[in-house]
Amino acid sequence: MAMESPFKADIVKGKVVLITGGGSGIGFEISTQLGKHGASVAIMGRRKSVLDAAVSALQSLGIQAVGFEGDVRKQEDAKRVIESTFKHFGHIDILVNAAAGNFLVSAEDLSPNGFRTVMDIDSVGTFTMCREALNYLKKGGHGRSSSGVGSILNISATLHYTASWYQIHVSAAKAAVDSITRSLALEWGTDYDIRVNGIAPGPIGDTPGMSKLAPDEIRSKSRENMPLYKIGDKWDIAMAALYLVSDAGKYVNGTTLIVDGGYWLSRPRD
Ligand code: HXC
C-alpha cells in the first residue's frame with residue numbers, strides 16, 4: 001500500500017545508510033523510505049539478482065543506491081561491504097541490520113546446526129556488522145566530520161516476549177539482538193554518542209516472514225484478537241525507522257520499538 005509520508009522529505013538528507021537484507025521485504029521498504037527522505041542507500045545481500053532489481057527500483061525513484069553482495073555471517077564480507085560503502089559514498093551514517101534467516105521447525109526436529117545458522121545470521125551477523133561499522137559511525141570516524149555521529153537500527157521481532165511455536169531458534173536469536181541493542185546503546189552511546197535502537201515488527205503483510213511463518217492462521221483466526229484488527233504494512237516499519245534514525249529520535253537510545261498494532265499482548269476475549 002503506497003501511503004504518503006508524514007515526515008518532511010529531507011529529514012535524512014545527506015545521510016548514508018547501509019542496510020543488510022535491504023533488497024527485499026521490510027529491508028527494502030526501509031531502503032526506499034530512507035532514500036525518499038534524502039539518504040543515499042547501500043544494500044547488502046547474498047543474492048545478486050535481488051540486489052540488482054532492488055538497486056534499479058531505488059534508482060528509478062531518483063535515489064542514490066548501490067548494492068554489495070555479501071553474507072553477514074562472514075566477517076570478511078562485513079568488512080568489505082562496509083569499506084565499499086565508504087569508498088562509494090565517502091561516509092557512513094546509519095547501519096540498519098535487517099538481514100535474517102528463518103524457517104518453521106519444531107525444537108524436536110531442529111538440528112543444532114539449524115539453530116546455529118539462524119543465530120549466526122541474526123545475532124552474530126548483527127554484532128559483526130555493528131563492530132565493523134564502528135570506526136565509520138563514531139565521532140571523527142572515517143570520512144566523518146568531528147561533530148556528527150552515526151546510529152544503528154536492528155530489526156528484531158516479538159516472538160521471544162512470550163514463546164512462539166516452531167521458532168525456538170529465531171526467538172533465541174532475536175532475544176540476543178535486543179540484548180545487543182541495549183549493550184551497544186550503553187557502551188557506544190556513552191563512549192561515542194552513537195544511538196543504537198531496534199524495531200520489533202508484528203505481522204507485516206507481503207513479506208518473506210509472513211509467507212513463511214504465518215500462513216493462513218493470522219489472516220483469519222488470530223486476527224479476531226488483534227487490537228487494531230489488521231496486519232501491518234512494511235510502510236509502518238519504515239516510518240518507525242525514519243523516526244528512530246532521524247533527529248526526531250535524538251534522545252531515544254537502547255530501545256526496541258514494537259510496531260505491531262498491539263498484537264503481541266493480545267489474548268482471546270473471555
Ligand atoms: C529444519 C532447516 C531448515 C528447515 C535449514 N535448516 N532449513 N532445518 N527446517 N526448513 C537447517 C539445515 O538442515 C542445516 O542444518 C542448517 O539449517 C543450515 O541449512 P542451510 O540450508 O545450509 O543454510 P543456508 O543455505 O545458509 O540457509 C539459511 C536459511 C535460509 C536461514 C536456512 O532459509 C535462508 O536464508 N532463508 C532466507 C531468509 C529469510 O527467509 N528471511 C526472512 C526472515 S523473516 P544441518 O544440521 O542439516 O546441517 C523473519 C521474521 C521473524 O526473520 C519474525 C516473524 C514474526
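Presented here is an overview of the structure given in this document. None of the values given here were measured: they were computed from a predicted structure. (Residues numbered from 1 in each chain as written. Predicted model: local features only at pLDDT ≥ 70, side-chain atom pairs only at ≥ 80, totals over all residues.)

### A short note on the overall build of the protein
No. 1: Broken down by element type, the protein carries seven helices and seven strands.
No. 2: Moving toward the C terminus, one meets the helices and strands of the protein in the order β-α-β-α-β-α-β-α-β-α-β-α-α-β.
No. 3: Over its C-alpha atoms the protein spans a radius of gyration of 18 Å, differing by no more than 12% from the 18 Å that the globule rule assigns to 270 residues.
No. 4: For the protein, the proportion of contacts with a sequence separation of at least 24, taken over those separated by at least 6, is 73%. (Helix = DSSP H or I, 4+ residues; strand = E, 2+ residues; numbered from the N terminus. Rg over C-alpha atoms; globule rule 2.2 N^0.38 Å. Contact = placed C-beta atoms within 7 Å.)

### Structural notes on unusual backbone geometry
Peptide bonds are, in most cases, trans, and in most cases residues other than glycine have a negative phi.
No. 1: Positioned with a positive phi, Tyr-166 is a non-glycine residue whose angle comes to about 65°.
No. 2: Mapped onto the elements, Tyr-166 comes out in the loop between strand 5 (151–155) and helix 5 (168–192).
No. 3: Judged by C-beta crowding, with 16 C-beta atoms within 10 Å, Tyr-166 ranks as partly exposed.
No. 4: Even without glycine at this site, Asp-206 takes up a positive phi of about 60°.
No. 5: Locating Asp-206 in the fold gives a position in the loop between strand 6 (195–201) and helix 6 (208–213). (Buried ≥ 20, exposed ≤ 12 C-beta atoms within 10 Å, placed from the backbone.)

### Examining the site of the ligand
No. 1: Around the ligand sit 18 residues in total, of which Gly-101, Ser-111, Asn-113, Gly-114 and Gly-209 are the nearest.
No. 2: Considered class by class, the residues forming the shell around the ligand number 10 nonpolar, seven polar and one charged. (Near = placed C-beta within 6 Å. Nonpolar A, V, L, I, M, F, W, Y, C, P; charged D, E, K, R; others polar.)

### Examining helix 3 (residues 75–89)
An α-helical segment advances 3.6 residues per turn. Residues three or four places apart therefore align on the same side.
No. 1: Compared with the 21 Å implied by 1.5 Å per residue over 15 residues, the 21 Å span of helix 3 between its first and last C-alpha is a close match.
No. 2: Among the structural elements, strand 1 (16–20), strand 2 (40–45), strand 3 (65–69) and helix 4 (112–137) are those in contact with the buried residues of helix 3.
No. 3: After helix 3 finishes, the residue Gly-90 shows a positive phi value of roughly 95°. (Expected span 1.5 Å × (residues − 1).)

### Quick notes on the environment of Ile-26
No. 1: Of note, Ile-26 is situated in helix 1 (residues 25–36).
No. 2: Residues Ile-26 and Thr-207 lie 181 residues apart in sequence; the distance between their C-alpha atoms is 6.7 Å.
No. 3: The residues contacting Ile-26, other than those within four sequence positions of it, are Ala-98, Ile-155, Pro-201, Ile-204, Thr-207, Lys-234 and Ile-237.

### Here's the deal with the sheet that holds strand 3
No. 1: If you walk across this open sheet you meet the seven strands as 3-2-1-4-5-6-7, and the pairing is parallel. The sheet is open, and its two edges are formed by strand 3 and strand 7 (256–259), each paired on a single side. Geometrically, the sheet is characterised by an average inter-axis angle of 20° between neighbouring strands, direction not taken into account.
No. 2: Where strand 5 lies against strand 6, five bridges are found, and the strand directions are parallel. Across the sheet, Ile-152 pairs through a bridge with Val-196, a residue of strand 6. (Pairing = 2+ DSSP bridges. Axes fitted to C-alpha atoms, helices over the stretch in contact; angles between N-to-C directions.)

### Some thoughts on the packing of helix 1 against helix 7 (residues 234–245)
For any two helices packed against each other, the geometry is given by the interaxial angle and the distance between the axes.
No. 1: Running from amino to carboxyl end, helix 1 crosses helix 7 at an angle of 55°, the nearest separation of the two axes being 8 Å. The angle between helix 1 and helix 7 places the two elements in the oblique class. In this structure, helix 1 crosses over helix 7, and the sense of that crossing is right-handed. Residues Ile-26, Glu-29, Ile-30, Gln-33 and Leu-34 of helix 1 form the contact with helix 7, whose participating residues are Lys-234, Trp-235, Ile-237, Ala-238, Ala-241 and Leu-242.
No. 2: Residues that form the contact of helix 1 with helix 7 fall into these classes: eight nonpolar, one polar and two charged. (Parallel < 35°, antiparallel > 145°, perpendicular 65-115°, else oblique. Left-handed = near helix turned anticlockwise from the far one by under 90°.)

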